[in-house]
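Overview (structure and organization)
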Amino acid sequence: MAKSALLKSSLAKKYWMAFTGLFLCLFLVGHLLGNLQLLLPVSETAKDQFNEYALFMTTNPAVKVLSYLTYISIIFHAIDGLMLTIHNRKARPQGYVSFKPSTNSMWSSRNMGILGSIILAFIIIHMSMFWAEMKFGGLDDTIYTTANGEEVKDLYTLTIKTFQDAQYGLIWAIAYGFAMLAIAFHLSHGFASGFQSLGVNHPKYNGFIRKLGYAFSVLVPLAFAVIPFYIYFVLEKI
Ligand code: HEM
């Protein structure tokens, strides 16, 4: 009973959706700060710095707790989001002449499920290309010792080579950019909506939160998207 009240009531689901969604926004900021290191000019120092950072992110106990919270948030948010989308589609009025959703809501707010599904597909491909390689031994033959004496896996070279690949580098960069566009649209509605769902709803702050949401939804995905194109077009080839 207690479990169903906490997880199953539609109000509780709304809170969890908002809570996990906003937590994932925080995760995006942390992840972006790490990725921005890939813009450094190619050097042994840049390589060591990125690989030491990646090692820290996979081994530090406090970061590990945050990582597990992130995995749980993605799974929970995606399952609940897809269930909600299916439920809403079934409940949608059919053949109602005066029902014109486009006149009273944003495109992104009506397509959160489609945008979320694109993001989910991206997360699965992205994790299999980088995270799984780091976690499950794919990079074991690249282990080397940095100038600081740390034994690291060479995620840096894998990442740079993926986006500098003569055949597929640009295709990966474009696919990555497309996924960031989906995140941008998802958050152009989701960011402010998440605050509303959590009850942060006051005429004094709503305008500010909406503007902050738009700024976040443009700047964060854009900064992510710039990185693979920069690696392909600008960064020295490795
Ligand atoms: C980077 C990953 C993601 C972030 C940062 C994120 C963020 C958010 C936020 C902040 C909300 C607003 C919650 C609310 O209105 O209370 C939201 C809503 C939603 N998300 Fe995500 N999301 C992500 C990935 C996904 C994925 C993978 C899916 C599904 C496969 C998904 C499906 C949805 C749906 C359907 C809603 C609308 C819920 C509603 O109408 O109440 N999201 N998301």
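What you see is a predicted model; the values in this text were computed from it and never measured.

Reading the values: rules and limits
Residues numbered from 1 in each chain as written. Predicted model: local features only at pLDDT ≥ 70, side-chain atom pairs only at ≥ 80, totals over all residues. Helix = DSSP H or I, 4+ residues; strand = E, 2+ residues; numbered from the N terminus. Buried ≥ 20, exposed ≤ 12 C-beta atoms within 10 Å, placed from the backbone. Contact = placed C-beta atoms within 7 Å. UniProt positions renumbered as here; feature names shortened; annotations may be inferred. Near = placed C-beta within 6 Å. Nonpolar A, V, L, I, M, F, W, Y, C, P; charged D, E, K, R; others polar. Axes fitted to C-alpha atoms, helices over the stretch in contact; angles between N-to-C directions. Parallel < 35°, antiparallel > 145°, perpendicular 65-115°, else oblique. Left-handed = near helix turned anticlockwise from the far one by under 90°. Core = buried A, V, L, I, M, F, W, Y, C linked by C-beta atoms within 7 Å. Bend = angle between axes of the 7 residues up to and from the residue. Arc of directions from axis to C-beta.

Moving on, we get to the overall build of the chain. Counting its secondary structure elements, the chain contains nine helices and two strands. Start at the N end of the chain and walk to the C end: the helices and strands fall as α-α-α-α-α-α-β-β-α-α-α. Each principal axis of the C-alpha distribution contributes one length, and for the chain these read about 65 × 40 × 35 Å. Per-residue burial for the chain yields a buried fraction of 22% across its 238 residues. Put simply, 76% of the contacts in the chain that link residues at least 6 apart link residues at least 24 apart.

Here the focus is the UniProt feature "transmembrane region" (unreviewed entry) in the chain. Those places that UniProt annotates as "transmembrane region" (unreviewed entry) correspond, in this numbering, to residues 65–86, 112–132, 170–191 and 212–235. A helix fraction of 100% and a strand fraction of 0% characterise residues 112–132, whose end C-alpha atoms lie 27 Å from each other. Segment residues 212–235 splits into 92% helix and 0% strand. End C-alpha atoms: 32 Å apart.

What follows concerns the site of the ligand. Around the ligand, a shell composed of 27 residues is seen, among which Gly-21, Gly-81, Gly-116, Gly-190 and Ser-197 lie nearest. Mapped by element, the contributors of at least two residues to the shell around the ligand are helix H2 (10–35), helix H4 (61–91), helix H6 (112–135) and helix H8 (169–197). It is H2 that contributes the most residues to the shell around the ligand, eight residues altogether. Considering only residue class, the shell around the ligand consists of 14 nonpolar, 12 polar and one charged.

Direction vectors running N to C along H6 and H8 enclose 140°, while the axes themselves pass 9 Å from each other. Classified by the angle their axes make, H6 and H8 are oblique. Crossing of H6 against H8: the hand is left-handed. Together, Met-112, Leu-115, Gly-116, Ile-118, Ile-119 and Phe-122 of H6 and Ala-179, Ala-182, Ile-183, Phe-185, His-186, His-189 and Gly-190 of H8 make up the contact between the two elements. When its residues are assigned to classes, the contact of H6 with H8 shows nine nonpolar, four polar and no charged.

With that settled, the discussion passes to the nonpolar core. Membership of the largest hydrophobic core comes to 27 residues, with the highest contact counts inside it found for Ala-179, Met-180, Ala-182 and Ile-183. Looking at this core, the elements with two or more residues in it are helix H3 (44–59), H6, helix H7 (155–164), H8 and helix H9 (203–233). Setting aside residues no more than four positions away along its own chain, Met-180 makes contact with Pro-221, Phe-224 and Ala-225.

Its maximal kink placed at Met-127, H6 deviates by approximately 45°. Of the surrounding elements, those touching the buried residues of H6 are H4, helix H5 (107–110) and H8. Once H6 ends, the next one or two residues include Gly-137, with phi positive near 90°.

This paragraph deals with H7. Buried within H7 are the following residues: Leu-155, Tyr-156, Thr-159, Ile-160, Phe-163 and Gln-164. Looking straight down H7, one finds that the buried residues subtend no more than 155° of arc, so they occupy a single side. Where the residues of H7 are buried, they touch H3, H6, H8 and H9.

Right, let's get into the environment of Ile-143. Relative to the helices and strands, Ile-143 resides in the loop between H6 and strand S1 (144–145). Judged by the 11 C-beta atoms lying within 10 Å of it, Ile-143 is exposed. Spatially, the C-alpha atoms of Ile-143 and Leu-11 are 48 Å apart, while their sequence positions differ by 132 residues. Beyond its immediate sequence surroundings of up to four residues, Ile-143 is in contact with Glu-151, Val-152 and Lys-153.

What follows is about the packing of H7 against H9. One can describe the packing of H7 onto H9 by two numbers: an axis separation of 8 Å at closest approach and a directional angle of 75°. Here H9 runs roughly perpendicular to H7, going by the angle between their axes. Contact residues: Ile-160, Phe-163 and Gln-164 in H7; Pro-228, Ile-231 and Tyr-232 in H9. Partitioning the contact of H7 with H9 into residue classes produces five nonpolar, one polar and no charged.

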